[in-house]
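# Summary of structural features
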Amino acid sequence: MSSSQVPAAGSPPVVSPARVLAGLCLLVPIVVVLWVPSYSKTSPALGGMPFFYWYQLLWVPVSALFTGAAYLLIRRDEAARRAVPAAVPVLPAQPSDGGRS
């Protein structure tokens, strides 16, 4: 891990629960649509359209909802990260006599 990827002391972790949930929101539609045996059938038909087709079309708006939820989660997480003040190193106090004592 490079020094630019190491979080500063006191900063939020790189992997937060919101980011994990956003990743899952993006992963669900991909896995569901790629799992063809789960919907490779003709019944039940909807308006004369076989299940195979209307099920895939149903996932177009559902995927948009999942993607929108992921976007909102990441946006909220980024706002929370910006709200955390940067860690400022505290230096030891200097003696008032310039170190001559």
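Residues numbered from 1 in each chain as written. Predicted model: local features only at pLDDT ≥ 70, side-chain atom pairs only at ≥ 80, totals over all residues. Heavy atoms only, no water.

### Side note on the side chain of aspartate 77
In plain terms, the rule: Only runs of H or I of at least four residues qualify as helices and only runs of E of at least two qualify as strands under DSSP, and these elements are numbered from the N terminus. Any residue under 20% of the maximum accessible area for its type is buried, any over 50% is exposed, and the rest in between are partly exposed; the area is computed with a 1.4 Å probe on protein chains only. Contact definition: two residues touch when any of their heavy atoms are within 4.5 Å.
The topology assignment puts aspartate 77 in helix α2 (residues 51-83). On the basis of relative accessibility, which here comes to 10%, the residue aspartate 77 falls in the buried class. Other than its neighbours up to four places away in sequence, aspartate 77 contacts Ser16, Ala18 and Arg19.

### Some remarks on α2
Quick note on the threshold: Given a helix with a known number of residues, its expected span is that number minus one, times 1.5 Å. The term bend refers to the angle at a residue between two fitted axes, each drawn through seven residues, those ending there and those starting there.
When the terminal C-alpha atoms of α2 are compared, their 48 Å separation across 33 residues agrees well with the 48 Å that a helix rising 1.5 Å per residue should span. The largest bend in α2 is about 30 degrees, located at proline 61. All buried positions along α2 are accounted for by Phe51, Tyr55, Trp59, Ser63, Ala70, Leu73, Asp77 and Arg81. Of the surrounding secondary structure, the elements contacted by the buried residues of α2 are α1 (17-34).

### Regarding the nonpolar core
We count it as follows: Residues enter a nonpolar core if they are buried and are Ala, Val, Leu, Ile, Met, Phe, Trp, Tyr or Cys, with the set joined through side-chain atoms within 4.5 Å.
Counting residues in hydrophobic clusters, the biggest one holds 5 residues: Val32, Tyr39, Phe51, Tyr55 and Trp59. What phenylalanine 51 contacts, discounting residues up to four positions off in sequence, is Ser38, Tyr39, Lys41, Thr42, Ser43, Pro44 and Ala45.

### Overview of the packing of aromatic side chains
For clarity, the cut-off: Only the six-membered ring of Trp is used, alongside the rings of Phe and Tyr, when aromatic pairs are assigned; centres must lie within 6.5 Å, and planes under 30 degrees apart are stacked while those over 60 apart are edge-to-face, with the rest tilted. Charges are assigned to positions over rings by a cutoff of 6 Å between ring centre and Lys NZ or Arg CZ, combined with an angular limit of 35 degrees from the ring normal.
Applying the stated criterion to the full structure yields 7 aromatic pairs. Here the aromatic rings of phenylalanine 51 and tryptophan 54 are separated by 5.0 Å at their centres, their planes lie at 90 degrees, and the arrangement is edge-to-face. Taken together, the positions of phenylalanine 51 and tryptophan 54, both in helix α2 and 3 residues apart, correspond to about one turn of that helix. Pairwise contacts between aromatic rings join Tyr39, Phe51, Phe52, Tyr53, Trp54, Tyr55, Trp59 and Phe66 into one cluster. Just above the ring of phenylalanine 51 sits the side chain of lysine 41; from NZ or CZ to the centre is 5.1 Å.

### With respect to a nonpolar patch on the surface
To keep things clear, this is the line we draw: A patch consists of residues exposed above 30% relative accessible area that lack any salt bridge, with like charges linked at up to 9 Å and nonpolar side chains (Val, Leu, Ile, Met, Phe, Trp, Tyr) linked at up to 5 Å. The method behind every accessible area is Shrake-Rupley, applied with a 1.4 Å probe, and residues are considered shielded solely by the protein chains displayed. Only one rule defines a salt bridge in this text: a Lys or Arg side-chain nitrogen within 4 Å of an Asp or Glu carboxyl oxygen.
On the surface, a cluster of nonpolar side chains totalling about 610 Å² of accessible area is made up of Val14, Val15, Val20, Leu21, Leu24, Leu27 and Val31. Assignment of secondary structure puts leucine 21 in helix α1. Taking relative accessible area as the criterion, leucine 21 reaches 44% and is therefore assigned partly exposed.

### As for the packing of α1 against α2
What counts here: Axes here mean lines fitted to C-alpha atoms, for a helix over just the part in contact, with angles spanning 0 to 180 degrees between N-to-C directions. By the definition adopted for this analysis, an angle is roughly parallel if under 35 degrees, roughly antiparallel if over 145, roughly perpendicular if from 65 to 115, and oblique otherwise. Left-handed is the label given to a crossing in which the near helix is rotated counterclockwise from the far helix by less than a right angle, and right-handed is the label when the rotation is clockwise.
Viewed as axis vectors pointing N to C, α1 and α2 meet at an angle of 165 degrees, and their least axial separation amounts to 8 Å. On the basis of the axis angle, α1 is roughly antiparallel to α2. Viewed along their axes, α1 and α2 form a crossing whose handedness is left-handed. Between α1 and α2, the contacting residues are Ala18, Arg19, Leu21, Ala22, Cys25, Leu26, Val28, Pro29, Val32 and Val33 on the first element and Tyr55, Trp59, Ser63, Phe66, Thr67, Ala69, Ala70, Leu73, Ile74, Asp77, Glu78 and Arg81 on the second.

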